[in-house]
Structures are given as structure tokens and as C-alpha cells.
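# Observations on the model geometry
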Amino acid sequence: MHPSVILLVLAITMWLSGHWGSASVVEDFNNVEKCKDSLYMGTPPRGFRDVTLKKICQRYADKPRYVTLYDPHNRIPVYSAYTFKKTEGDRRVDYPWMYEPQLAELDGNGNMLPFPTGYLHMKFEDSQAVLDDYSDVVLYERGHLNPDQHQSDPHDRAATYTLTNVVPEIREFNIGPWRQHEERIRVRLNNYCRGTAFIVTGVYTTGNTIRRNNQDRVGIPEEVWSAYCCTDYDRNAPHEVRGRFPTQAALAKNAKEGNTVQELTLLELESYLTDRLNVDKNFQLFYDNCNSPSPLPPYLHRTN
């Protein structure tokens, strides 16, 4: 083969590996087909200033399922954003726990993978949490940000069982107030959201960590927060419910006591988080704060 042809083949191979091989950890959620479908108006939360955070297009069985902004230093997600699927709310526990190879290397097909039964190379352990980080911890459980009971498709549910989608949650909080909140939102969106509901769930940390082998391994959230956006909802819903659309937010302490989930407006949550997260003044969880364009033509808008 002519040397120039060989160089051309090498160049194409490198280009493909850079564009296809890194399908999971991405520069921009909008650059990967179907990845942005998890985001309202195809737009991720904006205003995060930490350039070391990793954007993960959570890919399972060759299909993007949801997105996660991941903190490789604390080895936990900052948030996961997903679309809610109507479901009966049953909880599955027979899916294998997975990790994200793309946080450590750019080869492969971009899918999350089950943890191997044997040795896992140290480069993966350096880039993310592993099962050993949670194995001897009594106080904490693996708390999903995108919970399986908010998904209906078996593949979508399986994809929630990656450690890049979970944070250490105090057991009493995880199985108590936060699980009750997830169920409350599931029922509300099942019954009154007519279109697609977009959810963003994340955490705020203050430096506490799970330690293993005398090393800080996994950041422990101080608080967990969440918000949904559903612009197509039942206008005939009870008044109390109508007031919780098109958006509603929630905030709770990740603690044994004083962990009641507080429901608040989206703007109240954004204001609260702006003072705590590493974000700029343009911080926003949903595009235009989930204010959908009016279905009425301009000449029919009320002016008084």
C-alpha cells in the first residue's frame, strides 16, 4: 500500500476513535445523537464553572439513556438529568452494578460495563467510585439520582445501576424521606403530566468523604436536590396539584435526622444552590426556567 494511503487510513482511524470511541464522555451533550433528548429543549443545566467536571452520556446497550455531570475528584455525580417514564414504581434489584470505562480511556464502544468479578485496573479506580468503596460502609447506601422506579423500559432501568449515577446517602434518608419523595413525584407525573417530564437531580457537598485505605475516596453529599419540568400537564388537575406545574423542586439534608424533603419553587432552589455550588450568575437548571412558549398567536395575547 502506498505510504500516503497508509497515512490517510491512520488519520481516518484516529478521527473515528476521537468521534465515535468517546461516545460516553463527551465535550457537549448536544454533540451525541439522542443524548440531548434527556434534556428540556435539548439544553443542559448551565452555569457550572468547574472545568474538570465530566459530561457523561450514559450509554447502555448501544443507546444513550440519560446524562450525568460527573465530578472525578469526589467520584460522585453532580447531577443526573433524565426523562421520566410512566411506571408502576416497582423496584428492581437484580441488575448488575456498572462503571464508566470512558472516564479512564477512550477506546471501546462507549457503553457502561458491569464490574468484573476479578481485577479492575487501577486507572478505573482512580477516575471513579468502585464497589469496594461502598462494601464496608455501614452508614451509607448507594442512592440513585436517576432512580429505576422512574423508568419503565428494562434497559433504561438497568442503566441507572452505574456508580456514576449514585451517591452515598444515609440509610435512613435513602429508604425514608427521599424514597417517599421519589414515589410522590412518580405518582404526580404519572397522573397529571400529559407530555414529557424532564427531571434533574443532584447534590451539594462540603468536603466529607468515604475513606478507604487511608484515602479520601467518595464525596458524601450534604444535601440532595431535584427539580422537574413538565409543560404539557392536566389543566383540570386539583388546584393544589396545578400549582406544582410546570415546575417544582425539592431539597433535603442527607442526614439521619432533620431530613424532611422540602418542596419549593424552581427559582427558590436555583437561588439556594447559586450560593452553594460552584456556579456563575447565569445558573439555570432548565432552559428559560421551563417557561414553554405560549400556544396562542401574539395577537390573541392579553395586554391588560
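Residues numbered from 1 in each chain as written. Predicted model: local features only at pLDDT ≥ 70, side-chain atom pairs only at ≥ 80, totals over all residues. Heavy atoms only, no water.

## Brief notes about the pattern of salt bridges
Put simply, the test is: Any carboxyl oxygen of Asp or Glu within 4 Å of a side-chain nitrogen of Lys or Arg constitutes a salt bridge here.
Counted according to the given criterion, the structure contains 16 salt bridges. Within the structure, one salt-bridge network assembled from shared partners comprises R184, R188, E240, R244 and E263.

## Let's talk about helix α6 (residues 177-192)
Residues lying three or four places apart along an α-helix face the same way, a consequence of the helix completing one turn every 3.6 residues. What counts is decided by this rule: Counting from the N terminus, the helices are DSSP H or I runs at least four residues long and the strands are E runs at least two residues long. Expected span of a helix, by definition, is 1.5 Å for each gap between consecutive residues, and there is one gap fewer than residues. Exposure classes here rest on a 1.4 Å probe applied to the protein chains alone. A residue is buried below 20% of its type maximum, exposed above 50%, and partly exposed in between.
Taking 1.5 Å as the rise per residue, α6 with 16 residues should run 22 Å; its terminal C-alpha atoms sit 22 Å apart, in good agreement. Within α6 the residues assigned to the buried category are P177, W178, H181, E182, I185, R186, R188, L189 and N190.

## Regarding the pairing of strand β11 (residues 215-229)
Filter applied, for reference: Between any two strands, pairing holds if DSSP finds at least two bridges.
In terms of residue burial, β11 counts as a mostly covered element, since 12 of its 15 residues are buried. Where strand β10 (residues 197-212) lies against β11, 12 bridges are found, and the strand directions are antiparallel. Opposite T209, over in β11, you have G219 as the bridge partner. Both β11 and strand β12 (residues 247-253) contribute to a ladder of seven bridges, which runs antiparallel. Across the sheet, the residue bridging to W225 is L251, located in β12.

## Some words on the side chain of R188
Just so we agree on the cut-off: Should any heavy atoms of two residues lie within 4.5 Å, those residues are counted as being in contact.
Relative to the helices and strands, R188 resides in helix α6. Non-local contacts of R188, meaning those with residues more than four positions away in its chain, are made with C193, Y228, V241, R244, F245, Q248 and E263.

## Side note on the packing of aromatic side chains
Aromatic ring pairs are described here by two measures, namely the spacing of the ring centres and the angle between the planes. This is how the line gets drawn: Pairs were defined over the aromatic rings of Phe, Tyr and Trp, the Trp ring being its six-membered one, requiring ring centres within 6.5 Å. Orientation was assigned from the angle between planes: stacked under 30 degrees, edge-to-face over 60, tilted for the rest. Charge over a ring is defined by NZ of Lys or CZ of Arg lying within 6 Å of the ring centre and within 35 degrees of the ring normal.
A full pass over the atoms with the stated rule returns 10 aromatic pairs. Between the aromatic rings of Y99 and F124, the centroid separation amounts to 5.3 Å while the plane-to-plane angle is 70°, which identifies the pairing as edge-to-face. Highlighted residues: Y99 in strand β6 (residues 98-99) and F124 in helix α2 (residues 122-127), separated in sequence by 25 residues. With relative accessibility at 8%, the residue Y99 sits in the buried group. For F124, a relative accessible area of 7% puts it in the buried group. Between R276 and the ring centre of Y272, over which it is positioned, the NZ or CZ distance is 3.6 Å.

## Thoughts on the confidence of the model for the protein chain
What counts, and what does not: A residue's pLDDT is the confidence the predictor assigns to it, expressed on a 0 to 100 scale.
Across the protein chain, pLDDT averages 88, with 87% of residues at or above 70. This model gives residues 5-23 a pLDDT under 50, and the stretch forms 14 contacts once residues within four places in sequence are excluded. This stretch, residues 298-304, has a pLDDT under 50; its non-local contacts, to residues over four places away or in other chains, come to two contacts.

## Digging into the side chain of R217
Stated formally: Each polar contact in these results corresponds to two N or O atoms within 3.5 Å; when the atoms are within protein, one needs to be able to donate a hydrogen and the other to accept it, and residues that are neighboring in sequence are counted only if both atoms are side-chain atoms.
Within the element layout of this structure, R217 appears in strand β11. Only 3.2 Å separates the side chain of R217 from the backbone oxygen of Q128, close enough to count as a polar contact. One polar contact links R217 to D133, side chain to side chain, over a distance of 2.8 Å. Residues in contact with R217, not counting those within four places in the same chain, are N74, R75, E125, Q128, A129, V130, D133, T209, I210, R211 and R212.

## Describing the state of the cysteines
In a disulfide, the sulfur atoms of two cysteines are held together by a covalent bond. Let me state the cut-off plainly: The term disulfide is used for any two cysteine sulfur atoms that are within 2.5 Å.
Under the defined criterion, the tally for this structure stands at three disulfides. C35 shares a disulfide with C57; S-S distance 2.5 Å. Taken together, the positions of C35 in the loop between β1 (25-26) and β2 (46-48) and C57 in strand β3 (residues 54-60) put the pair 22 residues apart, joining distant regions of the chain. Of the two residues, C35 and C57, neither departs from the other in class, the shared state being buried. A sulfur-sulfur distance of 2.0 Å marks the disulfide that ties C229 to C290. Taking the sign of the S-S torsion, 80° for the link of C229 and C290, the bridge is right-handed. A residue pair is termed long-range when its members are at least 10 positions apart, and C229 in strand β11 and C290 in the segment after β14 (279-284) qualify at 61 residues.

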